[in-house]
There are 2 protein chains.
Amino acid sequence: MAKTARKKVYVDGPRPDVRVPFTEVELDGGEEPVRLYDTSGPGSDPERGLPPLRGAWIEERRGDGKGNTQLHYARQGTVTPEMEFVAVREGLEPEFVRDEVAAGRAIIPANVNHPETEPMIIGRNFLTKINANIGTSAVSDSIAAEVEKLTWATKWGADTVMDLSTGKHIHETREHIVRNSAVPIGTVPLYQALEKVDGDPAKLNWEVYRETILEQAEQGVDYMTVHAGVLLRYVPLAADRVTGIVSRGGSIMAAWCLAHHEESFLYTHFRELCEIFAEYDISFSLGDGLRPGSIADANDEAQFAELRTLGELTKIAWEYDVQVMVEGPGHVPMHKIKENVDLQQEICGEAPFYTLGPLTTDVAPAYDHITSAIGAAMIGWFGTAMLCYVTPKEHLGLPNRDDVKEGVIAYKIAAHAADLAKGHPAAQAWDDALSKARFEFRWEDQFNLSLDPDRAREYHDETLPAEPAKTAHFCSMCGPKFCSMKISQELKDYAQQGMREKSEEFAETGGKVYLPVVEAN
Amino acid sequence: MAKTARKKVYVDGPRPDVRVPFTEVELDGGEEPVRLYDTSGPGSDPERGLPPLRGAWIEERRGDGKGNTQLHYARQGTVTPEMEFVAVREGLEPEFVRDEVAAGRAIIPANVNHPETEPMIIGRNFLTKINANIGTSAVSDSIAAEVEKLTWATKWGADTVMDLSTGKHIHETREHIVRNSAVPIGTVPLYQALEKVDGDPAKLNWEVYRETILEQAEQGVDYMTVHAGVLLRYVPLAADRVTGIVSRGGSIMAAWCLAHHEESFLYTHFRELCEIFAEYDISFSLGDGLRPGSIADANDEAQFAELRTLGELTKIAWEYDVQVMVEGPGHVPMHKIKENVDLQQEICGEAPFYTLGPLTTDVAPAYDHITSAIGAAMIGWFGTAMLCYVTPKEHLGLPNRDDVKEGVIAYKIAAHAADLAKGHPAAQAWDDALSKARFEFRWEDQFNLSLDPDRAREYHDETLPAEPAKTAHFCSMCGPKFCSMKISQELKDYAQQGMREKSEEFAETGGKVYLPVVEAN
C-alpha cells in the first residue's frame, strides 16, 4: 500500500499574493486526492503573532476614505483580493462572490486592523460556517489557555472565533487572540463596557460604550455583537416566559432600559455606530437579546418583535456600506425551526443568519452539543449561514480544551450535513470519497478523510490494534470470516454479463462473496 | 433546601397485577414531582433472571390456540393486560392502545416465552422508542459483558435491545440476555443460521433457518429481523452503488440468491414463518437488506424496490394476526429523509417504521452517534416509531460500555426531540420542568431532571466544585456579580404595575437585576 497523508497545500488565485490554503488528502488505489477547506491558519509563535496576509491589500485601499468596506467595493463593482481569496476557497467565481456581498446576502468580516485573517465569507450560498466561543471569565482567566483554545478550535474547523472574555485582562486577552488568529474574531463589546462601570448595568452609557467600541476596533475585531434590538417596549414581553431573558447582552440592556426608562442607547446611537463600523470595516452581528432560553419560549412575540427591529437596523447599516449578519436562537423545537429562518430572511432583506444551535430539547444538559447539533443542521439546511457552536458544558460550566473540540466537531457535522442537504457539490464529493474508501477497506484513506482522523484511527485500533488490520479487508463488526471476495465486483459483473451465466460461474468459484459489512444488522 | 431525588415508583393500572414503573423526580420549591418513562426494569441477579411479570396473563390465554397474538386480541376487541400496562405507561386510554394495535399502526412485542417483559408499544402515535444493539462477535465473546451492556443500556433508556451475537456461544448468550431483560429482545436469526452452516451463505436453506427460528422462539425472542425483501431480481440494482450492500443480512441473502440463482427462501417460505410467529407472538421486523450505506446511495431504486416488497409482506403477516414493523435506513442526507417515512407509511399500510439513524453525512466516523442523531430526530418527527441507535464506534469497532451509553443518550435526545416536535404533551412538560428549574437556579432539580444526572452534576462541579455552588443563584458562565435579583420577578411586576412607576422604584432599589444567564453572548 502506498503511503497516504493529509497535508496543507496552497492554491494560487489570480494575483500572486492570493494563495489559498487547503488540506489535501492523498489517497491510495489510484484515487484523486481530495482537497478540504482549511481553517487552521499558517501557524505561529504566540508571542510574535501571525504574518499580515492582507497588509498590502489594505494598504492599497488607504486613501479611499471612510466607508471602504467590502460591501462598499462590492457595490462599486470592484472585486477585492479578499473576494478573490474567498472565490478560490469556495470554488466559485469572484464575480459571484462580489454579487452576494453587494446584495448583502453575504459578508466578509475583515477589520482593516486585522490583516492576519485568511478571508472567509458568511452567506447562505456558500459553505455553512461555524463559530466557536472562547474567553476568560471571573472564574477562569488564563490568557495562554484562551490563545491555545483559539488555535485548537481552528485546527478542528472553527471558521470564526468569538472572544467572550469577562473579568480581568479583557484588553490584553483580546490582543493576544487577534494577533494570533487567521480567522475573523467577534466580540460582544457590552461585556467590556460593563466591566468599566463596575458591573452595574444602570451605569452604562453611550460614551463608555463608544470608547469600548473604538478600543476594540483599533485592535482589529472583525465583527461585534450589538444588542440594539432590545427596545424598552419589548422588555415586558419577556415577563411571562418560562426562562425570561437568557442572553447576557439582552439582560444587561433590559436592565439599563428598566433603570432609566429610556430607549436603549444602542438603538438611539445606532447611526453613530455605523459610522465607526464603516471606518474599520467591522461587521455587525445584530444580537438577539430576547432569544428564547427554553423550548417553551420559542418563537414568541418578544423574540419576533426584536427580530423586526433587527430588520430595520440591518437596512440602516447598509446605508453606511456596513456589512451585517443577524443572530438567532437558541432553544427551538424542530417543528418551529424553519419559521425562524424564513422570517429572518424576509424581515432582514436576506442578510446572513447566524444562530446559536438551536437546542431542540432542554432535557439533556451535558449533551447540548448534540441537542443543538440537531437544530443547527436543520437551520443550516433551511438557509442559516453560520452556526454558533454549543459545547457539552453549556448551562453547566466553562468549556475546557476537550469541550471546545467536541463542540467544534459536532458543529462541523451539522454544517456539513446542511451543505449536503443544500446540494453543495463539493460537500457530496467528500462523502463519496470517504464512502468509497470505506467500501474498499482503504482504512488509512477513511481515517485521513474523516473530520477527526485521530479519533477514527484510535477507535478502530481499540478493537483491532494490529497494524495489518488497517490493510485488512474486514473489520471487527463481522470478523474475517465473511470477507472473502468483493460482492461489489461480483454484482457489477453479474449485472453486465447476464444472471444465469454468472450464477453458475459464481457457484464454481466456491460461492463465496465479499461482505463489506461495517454495519450491524 | 429540601432534599430532592430520583426514585422508582409504581402506578397501578385497572387490574391489581398491572403495576407500571416510572422514575419519579421530586422537586424543590413547591414544584409538583415529575414522572418519567422508566425502562430500567426491576433489577435482578443475573444468575436467576427476572420475575415473570406477564406469566399469569399469558397463562390465562393458553388454550386459545394458535394466533393468540396482541394483534389477534386487539382485532377481536379485547384489551389485554399488556395493553392496559402500555396505556398507563404512555398516559393514554386502553381503548386507544387497542385501536392502534388492531390497525397495525403499533406493535407490542411480547413473545409468550418472554414473560419477564414490562410491556411497551412501538407506534407513531406513542412516545418515540429507541433500540440498542449488543452482542458477542468472533472478536469479543464475553456473555457477562453482554448482559452487563443490556442492563446498562436499559438503565439509560433503551426501549428494546437487539442481540446481534455472532461467533461462539450464540444460544447461551441469548438465553442469559432474554432471562435478564425487562425490555423486548430482538435478533437477526440469519446470523445464527449462518454459523450452523460454517459461515458459508451458499449452504443456507429453509430447514436450517426454520430450526433456528424455532430455537430462538422457544427462548422468548420478541421480534426478529427477517430480510425477506432481498429478492433475486433486486440484487443487480445494487451493482453500481458507491457502497453496494452494507446490511449484513442483506449481503448474506444476496449471496445466497446469487449462488443458487433462486428466489430467496425467506420470501418463498414467508407464510410458514408467519405461522410460527403467530404461535409465539413474535413480531416481524422486516429487514431492509438493501438500505443505503452512504449518502450517495440514499433513496435509490434498490432501496425502494425492496420497500415495496416489504409492503407486500406486511399485509401477508397481518393475514396471520402477526405484528409487523418495517426497518429503514441507514445513510440519508437531510433533504431525502422525509420521503423515506412517507413512502414506507404509504406502502406498508402505516405499519411502524424502525430506522437505523439515518446518518446525515459519511465524513465523521467516531461521531456517528451525532451524525445519525440528527437524522434520527428528524425521521422520528416525521413519524418513525423506533430509532435504532448508532454508537461512536459505528464503522470502526465494537462498542464498549461507554459507547453503549453515548449511543443510548444521543438517541434518547433524538427521540425526545421528535416527541416535542410531534406535540406530545408529556414531552413538553418535562422540558418545561427542567427549564423552570434552570431559571430558578434549582441546580439539584436540574440535574435530577436531566437525561444523565451524573454527568450534568459532574460538569457543573468541574468548574464550581464547592457544595454551596449547587444552591447558588449564579453559574460559572457569568460568575456571581451579575446575579443579584430576579429579573423575571422584576419583569412581571413591571408588566403588571405600569412602566414609569416601576422604573423609579427599580432605580431606587439600586438598579440591580437578576441575570439568570447560563448562556454565552
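Everything discussed here concerns the structure shown above.
Before going into details, it helps to say that this report is about the structure given with it. (Residues numbered from 1 in each chain as written. Chains lettered and ligands numbered in written order. Predicted model: local features only at pLDDT ≥ 70, side-chain atom pairs only at ≥ 80, totals over all residues. Heavy atoms only, no water.)

## Section: the overall build of chain A
Consideration 1: For chain A, the count of helices and strands is 20 helices and 13 strands.
Consideration 2: A total of 521 residues make up chain A; the buried ones form 68% of that total.
Consideration 3: Sequence separation of 24 or more characterises 72% of the internal contacts of chain A that already satisfy a separation of 6 or more.
Consideration 4: Taken as a whole, chain A presents about 15,900 Å² of accessible surface, with 49% of it coming from carbon and sulfur. (Helix = DSSP H or I, 4+ residues; strand = E, 2+ residues; numbered from the N terminus. Buried < 20%, exposed > 50% of the residue type's maximum accessible area, 1.4 Å probe, protein only. Contact = heavy atoms within 4.5 Å. Areas by Shrake-Rupley, 256 points an atom, 1.4 Å probe, with all protein chains shown as cover.)

## Some words on the packing of helix H12 (residues 301–319) of chain B against helix H13 (residues 337–347) of chain B
Residue and element names in this part refer to chain B.
Consideration 1: Where H12 meets H13, the closest approach of the two axes is 9 Å, and the angle between their N-to-C directions is 35°. Here H12 and H13 pass one another in a crossing that is right-handed. From H12, Gln303, Phe304, Leu307, Arg308, Gly311 and Lys315 reach across to H13, where they touch Glu339, Asn340, Leu343, Gln344 and Ile347.
Consideration 2: The residue makeup of the contact of H12 with H13, split by class, is 4 nonpolar, 4 polar and 3 charged. (Axes fitted to C-alpha atoms, helices over the stretch in contact; angles between N-to-C directions. Left-handed = near helix turned anticlockwise from the far one by under 90°. Nonpolar A, V, L, I, M, F, W, Y, C, P; charged D, E, K, R; others polar.)

## Quick look at the packing of helix H15 (residues 401–421) of chain B against helix H16 (residues 425–439) of chain B
Residue and element names in this part refer to chain B.
Consideration 1: As a packed pair, H15 and H16 sit with axes 7 Å apart at the nearest point and diverge in direction by 110°. In this view, H15 runs roughly perpendicular relative to H16, as classed from their interaxial angle. Taken as a pair, H15 and H16 cross one another with a handedness that is left-handed. Every residue of H16 that contacts H15 at His416, Asp419 and Leu420 is listed here: Ala427, Gln428, Trp430 and Asp431.
Consideration 2: By residue class, the composition of the contact of H15 with H16 is 3 nonpolar, 2 polar and 2 charged. (Parallel < 35°, antiparallel > 145°, perpendicular 65-115°, else oblique.)

## Considering the pairing of strand E6 (residues 129–134) of chain A
Residue and element names in this part refer to chain A.
Consideration 1: Among the 6 residues in E6, 6 count as buried, and that is most of the element.
Consideration 2: Both faces of E6 are covered, namely the face carrying Lys129, Asn131 and Asn133 and the face carrying Ile130, Ala132 and Ile134.
Consideration 3: Taken together, the 3 bridges between E6 and strand E13 (residues 386–388) define a ladder with parallel strand orientation. Directly across from Ile130, in E13, lies its bridge partner Leu387.
Consideration 4: With 4 bridges joining them, E6 and strand E7 (residues 160–163) adopt parallel strand pairing. In the strand pairing of E7, Ala132 is matched with Val161. (Pairing = 2+ DSSP bridges.)

## A look at the sheet that holds strand E9 (residues 223–226) of chain A
Residue and element names in this part refer to chain A.
Consideration 1: If you trace the 8 strands once around the closed barrel, you get E6-E7-E8-E9-E10-E11-E12-E13, paired in parallel fashion. Neighbour-to-neighbour, the strand axes of this sheet turn through a mean angle of 25°, independent of strand direction.
Consideration 2: Inspection of the sheet shows E7 paired to strand E8 (residues 185–187) by 3 bridges, in the parallel sense. Pairing of Asp163 across the sheet is with Thr187, part of E8.

## Quick look at the nonpolar core
Consideration 1: Formed by 268 residues in total, the largest nonpolar core has its most connected members in Phe284 of chain A together with Phe284 of chain B.
Consideration 2: Excluding residues that lie within four positions of it along the chain, Phe284 of chain B makes contacts with Met224, Val226, Phe270, Leu273, Cys274, Phe277, Ala317, Val322, Gln323, Val324 and Met325 of chain B.
Consideration 3: By size, the runner-up hydrophobic cluster in this structure holds 12 residues, among which are Ala74, Val97, Ala102 and Ala110 of chain A. (Core = buried A, V, L, I, M, F, W, Y, C linked by side-chain atoms within 4.5 Å.)

## Examining the pattern of salt bridges
Consideration 1: In total, this model carries 80 salt bridges over all chains according to the counting rule given.
Consideration 2: The partner of Glu444 of chain A in a salt bridge is Arg457 of chain A, with the nearest N and O atoms 2.9 Å apart. With Glu444 of chain A in helix H17 (residues 443–448) and Arg457 of chain A in helix H18 (residues 453–463), this pair connects stretches of sequence that are 13 residues apart.
Consideration 3: A residue is classified by how much of its surface remains accessible, and Glu444 of chain A, at 15% relative accessible area, is buried.
Consideration 4: The residue Glu440 of chain B makes a salt bridge to Lys436 of chain B at a minimum N-O spacing of 3.3 Å.
Consideration 5: With relative accessibility at 24%, the residue Glu440 of chain B sits in the partly exposed group.
Consideration 6: Connected through salt bridges with shared partners, the residues Glu31, Lys436, Glu440, Arg442 and Asp445 of chain A form a single ionic network. (Salt bridge = Lys/Arg side-chain N within 4 Å of Asp/Glu carboxyl O.)

## A short note on the pairing of strand E1 (residues 6–12) of chain B
Residue and element names in this part refer to chain B.
Consideration 1: Note: E1 against strand E2 (residues 19–25), 7 bridges, orientation antiparallel. Directly across from Lys7, in E2, lies its bridge partner Glu24.
Consideration 2: The hairpin formed by E1 and E2 contains 6 residues between the paired strands.

## Here we look at unusual backbone geometry
Consideration 1: The omega torsion across Pro329 of chain A and Gly330 of chain A is 0°, close enough to zero to call that bond cis.
Consideration 2: Along the chain, Gly330 of chain A turns up in the loop between strand E11 (324–328) and helix H13 (337–347).
Consideration 3: Each neighbour pair has its own omega, and for Gly357 of chain A with Pro358 of chain A the value is 10°, a cis peptide bond.
Consideration 4: Counting through the fold element by element, Pro358 of chain A comes out in the loop between strand E12 (353–356) and helix H14 (368–381).
Consideration 5: The phi torsion at His261 of chain A lies on the positive side, around 45°, for a residue other than glycine.
Consideration 6: Within the secondary structure, His261 of chain A is located in the loop between helix H9 (248–260) and helix H10 (265–268).
Consideration 7: Look at Ala366 of chain B: it is not a glycine, yet its phi comes out positive at around 90°.
Consideration 8: Within the secondary structure, Ala366 of chain B is located in the loop between strand E12 (353–356) and helix H14 (368–381).

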